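Secondary and tertiary structure notes
Listed below, chain by chain, are the residues.
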Amino acid sequence: MSQSKHPSALRPETDVLTRGFDPSLSVGSARPAVFRSSTYVFSSPEAAERAFDLMGGRAQRAPGENVDLVYSRFNHPNAQILEEQILPLEPEAAAAAVFNSGMAAIMTALLAVLKPGDCLLYTVPIYGGTQTLIQAFLQPFGIEGRPVPAGDTGAIDQAIRSTPNLRVVLIETPANPTIVMTDIKRACDAALALHSSSGNGSSAPERPVVMIDNTFLGPAFQHPLALGADVSLYSATKYLGGYSDIIGGVALTRDAALMNKIRAKRSLFGNILQPDECWILDTRLPTVTLRMNRQSKNSQRIAEHLAKHPKIRKIYYPTLFDDPEQIRIYAQQCDYPGGIISIDLEGGKEAAFNFLRSIRLARNAVSLGGVETLACHPRSTTHSAWSARDLDEAGISEGLVRISFGIEDWRDLLADFENALSTI
Ligand SMILES: *Cc1c(COP(=O)(O)O)cnc(C)c1O
């Protein structure tokens, strides 16, 4: 809403607080009102006709043209405000769309591009819901999903070059729970090289569309669009929401035409984020970088303190990587290591369960990215649908515990963990 008077070239921390909201449209309130209306009154029948022509793709919006709102499954003021305010947090983003979950954002972005007969390349391990979406839902509809190992730069390059009918490359990096990183720029370069000469005027690029699930390190520490990706996807339930109290999702693109396709599917599916949730998420945006910085600092201090602990076999954390390729990707792609650590305990499942029983400050729960520290046992919870062989191959051992650090004082958390470790 009303970005016409907004100075361009502000830095993100300023921009996120000052754009996208015009108090005069909310009777002067300093914070946006929540517009809980399902439908909008047209200013004239002609304006209604124009809004439907634009929505139906029969006309193009003129620069600066104000279009009447229609119906809240398509669009509503709180979504517009949120989508405007989130843009500066994602470098090179031109458009955003908000959804009622991260899964809704991922599904809608995929279905905006894919059709039966197409192939989708995706990194594994990947979020369990995403994996089920691909294998149990898209596959039976005739969309072939091909897994490639996360972090294997050569294999991903090769797969992008050789997969027939490749339409989407979906990368989750770092991958959960072992923090394996995949080179975003290399994948984008490989996709771009496929059809670099195509220019047939269609809005979607002929080359495969590269989508990144940026939930773990974005928007603060990893910027997929600036590395060449077409779509950056979020579970806003995690760091963007930040307080473990809402479910939401976001898709951002560099290209407005691609976003129009995603929005058209969102209007059809009816999975736009509701006004109240938009308002809540909107309040969290100005602090996401502050929170993530603190969470990353807490994690780094604790990871490095626990690195040589006798009860720990291995710690998975970017500043403690030992594989040279992982070290290279982290150095080139990420600004800071982030707030997730996985620790592989001596003593397997019993040790892991005893650890989870003994922690007092951190809570035993799935999910991540909140201001409070959460810990879980992936093998028996988030990854329990996997076969023992796949779990072993991915390093998701019986003793593995994943921790999402909050903003508590790190010394209290460290003492809590050292005490819990002493009980196993
Ligand atoms: C949580 C999560 C999702 C799914 O998001 P929801 O908001 O739960 O639908 C997708 N990808 C990653 C990496 C996640 O952590």
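Residues numbered from 1 in each chain as written. Predicted model: local features only at pLDDT ≥ 70, side-chain atom pairs only at ≥ 80, totals over all residues. Heavy atoms only, no water.

1. Some remarks on the pairing of strand β12 (residues 400-404)
By the criterion of burial, β12 is predominantly enclosed, with five of the five residues buried. What you see with β12 is no split at all: Leu-400, Arg-402 and Ser-404 on one side and Val-401 and Ile-403 on the other are buried throughout. Pairing geometry for strand β9 (residues 340-345) and β12, over five bridges, is antiparallel. Among the inter-strand pairings, Ile-341 is bridged to a residue of β12, identified as Ile-403. One ladder, built from three bridges, connects strand β11 (residues 374-376) with β12; its direction is antiparallel. What sits directly across from Cys-376, in β12, is Arg-402. (Buried < 20%, exposed > 50% of the residue type's maximum accessible area, 1.4 Å probe, protein only. Helix = DSSP H or I, 4+ residues; strand = E, 2+ residues; numbered from the N terminus. Pairing = 2+ DSSP bridges.)

2. Section: the pairing of strand β6 (residues 231-235)
Along β6, five of the five residues are buried, which leaves the element largely enclosed by surrounding structure. Alternating residues of β6 divide into Val-231, Leu-233 and Ser-235 and Ser-232 and Tyr-234, and every residue in both groups is buried. Inspection of the sheet shows strand β5 (residues 209-213) paired to β6 by three bridges, in the parallel sense. In the sheet register, Met-211 faces β6, and the bridge partner there is Val-231. Note that β6 and strand β7 (residues 249-253) share five bridges and pair antiparallel. Along β7, the bridge assignment pairs Val-231 with Thr-253.

3. Overview of the nonpolar core
Grouped burial of nonpolar side chains is what soluble globular proteins tend to show. Grouped together as the largest cluster of nonpolar side chains are 41 residues, with contacts concentrated most on Ile-86, Leu-240, Val-250 and Leu-252. Elements represented by at least two residues in this core include exactly α3 (77-85), β1 (95-99), β7, α9 (275-284), α10 (288-306) and α11 (324-333). Structurally, this core is a two-domain feature, drawing no fewer than three residues from each of domain 1 (77-287) and domain 2 (288-421). The residues contacting Val-250, other than those within four sequence positions of it, are Ile-86, Ala-97, Val-98, Phe-99, Ala-105, Ser-232, Leu-233, Tyr-234, Ala-236 and Leu-240. By size, the runner-up hydrophobic cluster in this structure holds 28 residues, among which are Ala-109, Leu-133, Leu-170 and Val-231. (Core = buried A, V, L, I, M, F, W, Y, C linked by side-chain atoms within 4.5 Å. Domains from an automatic or database assignment. Contact = heavy atoms within 4.5 Å.)

4. Focus: the site of the ligand
Of all residues adjacent to the ligand, which total 13 residues, the nearest are Met-103, Asp-213, Ser-235, Thr-237 and Lys-238. Within the complex, the protein chains bury 92% of what would otherwise be the 380 Å² of accessible surface of the ligand. According to the grid-proximity analysis, the pocket containing the ligand is the second largest pocket. Counting residues per element, the shell around the ligand draws most heavily on helix α4 (residues 102-113), which supplies three residues. Its residues assigned to classes, the shell around the ligand shows four nonpolar, six polar and three charged. (Near = heavy atom within 4 Å. Areas by Shrake-Rupley, 256 points an atom, 1.4 Å probe, with all protein chains shown as cover. 1 Å grid on protein atoms, 1.4 Å probe; cavity = no way out; pocket = protein on both sides within 12 Å on 5 of 7 lines; lining within 4 Å. Sits in = over half its atoms within 2 Å of the grid points. Nonpolar A, V, L, I, M, F, W, Y, C, P; charged D, E, K, R; others polar.)

5. Some words on the sheet that holds β1
Taken together, the seven strands give an open sheet; going across it, the order is β1-β7-β6-β5-β4-β2-β3, and neighbouring strands pair in mixed fashion. The two strands at the open ends of the sheet, each matched to only one other strand, are β1 and β3 (144-149). Direction aside, the axes of adjacent strands within the sheet are offset by 20° on average. Alignment of strand β2 (residues 119-124) against β3, held across six bridges, turns out to be parallel. Each bridged residue has a counterpart across the sheet, and for Val-124 the counterpart in β3 is Pro-149. With respect to the sheet, α4 is in contact with β1, β2, β4 (166-172), β5, β6 and β7, its orientation differing from that of β6 by roughly 155°. (Axes fitted to C-alpha atoms, helices over the stretch in contact; angles between N-to-C directions.)

6. A look at α10
Across its 19 residues, α10 extends 27 Å between first and last C-alpha, which sits within 8% of the 27 Å expected from 1.5 Å per residue. All of the buried residues along α10 are Val-288, Arg-291, Met-292, Gln-295, Ser-296, Asn-298, Ser-299, Ile-302, Ala-303 and Leu-306. Along the axis of α10, the buried positions cluster into a sector of 165°, meaning they face one direction only. Away from its buried face, by an angle of more than 90 degrees, α10 presents the exposed residues Leu-290 and Lys-297. Among the structural elements, α9, β8 (312-316), β9 and α14 (410-422) are those in contact with the buried residues of α10. (Expected span 1.5 Å × (residues − 1). Arc of directions from axis to C-beta.)

7. Things to note about a nonpolar patch on the surface
Together, Phe-42, Phe-52 and Met-55 make up an exposed nonpolar region whose accessible area comes to about 260 Å². Here Phe-52 is to be found in helix α2 (residues 45-55). Residue classification places Phe-52 among the partly exposed positions, given a relative accessible area of 39%. (Patch = residues over 30% accessible without salt bridge, like charges linked within 9 Å, V, L, I, M, F, W, Y side chains within 5 Å. Salt bridge = Lys/Arg side-chain N within 4 Å of Asp/Glu carboxyl O.)

8. Focus on the sheet that holds β8
The strands making up a sheet are joined through hydrogen bonds of the backbone, oriented either antiparallel or parallel. Strand order in the open sheet formed by five strands is β8-β9-β12-β11-β10, and the pairing between neighbours is mixed. A single partner strand is all that each edge strand has here, and the edge strands are β8 and β10 (363-364). Note that β8 and β9 share four bridges and pair antiparallel. Counterpart to Lys-314 in the pairing with β9 is Asp-344.

9. Description of the domain arrangement of the protein chain
Assigned domains of the protein chain: these are domain 1 (77-287) and domain 2 (288-421). Each of domain 1 and domain 2 has a C-alpha centre, and the two are 25 Å apart. Each partner contributes to the interface: domain 1 provides 37 residues, whereas domain 2 provides 42 residues. Taken over both partners, the interface formed by domain 1 and domain 2 buries close to 3200 Å², and the fraction arising from carbon and sulfur atoms is 60%. Where domain 1 touches domain 2, the interface holds one salt bridge. (Buried area = accessible area lost by both parts, 1.4 Å probe.)

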